[in-house]
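Results of the structural survey
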Amino acid sequence: MRDNGHPAILRFEDVTVRFDDTVALDQVSFALEEGETCVLLGAAGSGKTVALKTALGLIRADQGQVFLFGEDATAKKERELVDLRSRVGMLFQEGALFDSLTIEENVAYPLRNQKTLRCPPEQVRPRVEETLRFVELGHTLEKVPSELSGGMRRRVGIARAIVGAPPLLLYDSPTAGLDPITANNIMTLIAKERDLRHTTTALATHRYQDGHLLANFRYNADSGRLEPARGGGGPRTRFLVFQEGRIVFGGSQAELEDSRDPYISKFARRLKE
Amino acid sequence: MLDFLKSPIYSLQEFIQLSGRTFRNLFRRPHYGDDIALQMDIIGVGSLPIVLLTGFFSGAVMALQMSRALRQYGATGEAGRAVAITLVRELGPVLTALMVTGRNASGMASELGSMKVTEQIDAMRALGTDPVQKLLKPRLIATAVVLPLLTVIADFVGLVGGWVVACPYLNLTTTDYYWNKAYQSIEYNDLAQGLLKPFGFAIIIALVGCYYGMQTTGGTQGVGLSTTRAVVVASVWIFVLNFFIGTFFV
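These lines cover the structure that appears in this document, whether it is placed above or below. Since the model is a prediction, treat every value here as computed from it, not as a measurement.

**Brief notes about the sheet that holds strand β4 (residues 37-42) of chain A**
All names here are of chain A. Pairing in this open sheet of six strands is mixed, and the strands run β7-β8-β9-β4-β12-β13 from one edge to the other. The open sheet has two edge strands with one neighbour each: β7 (88-91) and β13 (246-251). Neighbour-to-neighbour, the strand axes of this sheet turn through a mean angle of 15 degrees, independent of strand direction. Pairing analysis gives five bridges linking strand β8 (residues 168-172) to strand β9 (residues 200-205), with the strands arranged parallel. Bridge pairing links Asp 172 to Ala 204 in β9. Sheet strands touched by helix α6 (residues 180-197): β4, β8, β9 and β12 (237-243). Its angle to β9, the strand with the most contacts, is close to 160 degrees.

**With respect to the interface of chain B and chain A**
In this assembly, 19 residues from chain B lie in contact with 22 residues from chain A. Both sides together, the interface formed by chain B and chain A hides about 1,600 Å², and carbon and sulfur atoms give 49% of it. Of all residues in chain B, the largest losses of buried area upon contact with chain A belong to Glu 119, Arg 125 and Leu 127 of chain B, amounting jointly to 39% of the total for that side. On the surface where chain B and chain A come into contact, there are three salt bridges. Residue Lys 53 of chain A pairs with Glu 119 of chain B through a salt bridge whose shortest N-O separation is 2.7 Å. Run the count over chain B and chain A and you get 10 residue pairs in polar contact (both at pLDDT 80 or more). Secondary-structure elements contributing two or more residues to the side of chain B that touches chain A are α4 (120-126) and α5 (131-169) of chain B. Broken down by element, the residue count for the side of chain B that touches chain A peaks at six residues, all from α4 of chain B. Of the residues that constitute the side of chain B that touches chain A, the class distribution is six nonpolar, six polar and seven charged.

**Some details on the environment of Leu 135 of chain B**
All names here are of chain B. On the secondary structure map, Leu 135 appears in helix α5. In this structure Leu 135 comes out as buried when scored by relative accessible area, which is 6%. Distance in space between the C-alpha atoms of Leu 135 and Gly 33 is 12 Å, their sequence separation being 102 residues. Excluding its chain neighbours within four sequence positions, the residues that come into contact with Leu 135 are Leu 112, Met 115, Ile 121 and Met 124.

**Topic: the nonpolar core**
The nonpolar side chains of a soluble globular protein tend to be buried, and buried together. Judged by nonpolar contacts, the single largest core of 79 residues is most densely connected at Phe 12, Leu 25, Leu 40 and Leu 170 of chain A. Broken down by element, this core gets its largest block of residues, 11 residues, from helix α7 (residues 188-214) of chain B. Core analysis: the second largest hydrophobic core is formed by 49 residues, Leu 91, Ala 159, Tyr 171 and Ile 264 of chain A among them.

**Thoughts on empty space enclosed by the protein**
Residue and element names in this part refer to chain A. Applying the stated criterion across every chain, the model contains three cavities of 30 Å³ or more. Considered as a void within the structure, the largest cavity measures approximately 60 Å³ in volume. Lining the largest cavity are 13 residues, with Ser 86, Val 88, Pro 110, Gln 114 and Ala 161 sitting closest to its centre. Counting only elements with at least two residues in the lining of the largest cavity, the list comes to β7 and α5 (150-162). For the lining of the largest cavity, the class distribution of residues is seven nonpolar, four polar and two charged.

**Re the packing of helix α2 (residues 33-72) of chain B against helix α3 (residues 79-117) of chain B**
Residues and elements named next belong to chain B. Where α2 meets α3, the axes come as close as 8 Å, and the angle between the chain directions of the two elements is 145 degrees. Between α2 and α3 the crossing geometry is right-handed. Of the residues contributing to the contact of α2 with α3, the split by class is 17 nonpolar, eight polar and one charged.

Calculation criteria
Residues numbered from 1 in each chain as written. Chains lettered and ligands numbered in written order. Predicted model: local features only at pLDDT ≥ 70, side-chain atom pairs only at ≥ 80, totals over all residues. Heavy atoms only, no water. Pairing = 2+ DSSP bridges. Helix = DSSP H or I, 4+ residues; strand = E, 2+ residues; numbered from the N terminus. Axes fitted to C-alpha atoms, helices over the stretch in contact; angles between N-to-C directions. Contact = heavy atoms within 4.5 Å. Buried area = accessible area lost by both parts, 1.4 Å probe. Salt bridge = Lys/Arg side-chain N within 4 Å of Asp/Glu carboxyl O. Polar contact = N/O pair within 3.5 Å; in protein donor to acceptor, adjacent residues only side chain to side chain. Nonpolar A, V, L, I, M, F, W, Y, C, P; charged D, E, K, R; others polar. Buried < 20%, exposed > 50% of the residue type's maximum accessible area, 1.4 Å probe, protein only. Core = buried A, V, L, I, M, F, W, Y, C linked by side-chain atoms within 4.5 Å. 1 Å grid on protein atoms, 1.4 Å probe; cavity = no way out; pocket = protein on both sides within 12 Å on 5 of 7 lines; lining within 4 Å. Points joined across faces, edges and corners; volume = space filled by probe spheres on them. Left-handed = near helix turned anticlockwise from the far one by under 90°.

Below you can see the structure in the form of structure tokens.
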């Protein structure tokens, strides 16, 4: 399926998810195109995390369909989803690192367990080292997650998500609970990954500044820093705003900032103030 | 009107589904041999001290309590028989299973529960691993292999405990006579139920512990609740199964 000349990597069609009597997602429809950055904004409990987990098939949709890389993920059994999931990297809210494994084993986990990645055993260690250097944690190989700070665990989570070089990356509240400096470092890493490897990115967050940074800055490999994207050459970024399981806004940053809806404008206004 | 039945029936359905998935996965690859060995070490070697202690003292207390009755009937020579039969048929399997329940069903529920609330189970699924294969199957196999062995050890140590009380302590009988009686009194029927019971109990311990771990919600408080439920439910089902296996062999 094509929209604006780009194939849709992820597409939700009227997806509804219920937990007992609570509707977590209510007829949600959106598409994420190749090379696009999608920022999912919303208050806590608005359905952002459920949307990301439903995209991966970790939560099953009660109604509607989810198409991942053109395949109907909702029609697949758990075992059949393994191949599809190997093409998606996900950073969970608190990192979700395996406590009992070292950092090296955590990052190597997808390479050793996702057969479709076909990583020869002798290449596992070099790829893990390279990925940990990418997130500037090359010295933590032998440590266990409990020895790392919250920000470092999040960076290891990013390393684990990107080690298999997936074309689609889902970030669930990567800056939640972090101090502003660490949060900025995490966002820099996400932009770096997106711009150097040209991955399609979906980011769930309640912080508008995270979306603002992804929409307006690009990573410069020469200077090793984020720089403002000039002359319309910025990344294609779209904003979705969730409220009580529904998408109440979908559009560009300018449209978001112009919105007069009290709920929607709360997210855009914070940065202006 | 029957709303109060909804929750337990739903839980039973979930438990049966999870158990079914675990059994279906028993012969499917991958087998995670390292995890099975690790769990056998945690459950088997880790439980050995408490199993030795409970086994020894249950045998000893059996001999102690039976001594008065045996003296009344002038049958003190039967001490070995009394201890052997009660241990092999009932006390050995049940007490060992209860000890392992307290130690390992709780451990499984809390470990898996913590993994659930910190999204590690989701991460495992997202990274191409079936949690049933990776977490439940090794625990089920390890418990099913190790619990019968622990029970045999508990039975033997219990007989030693009975001997300590019956012979050196109370002089009820001679050492040779005690061990002869103990050996002669145990029939194949006793051995069969003495080994079948721990096998059945092992399935209950592993599946109930893992089920409550996988059902955990609500943070650390939820983990505590799952752990308590796992121990209580597994203990109750051990007694229920013990009765039904007992009726089969009587």
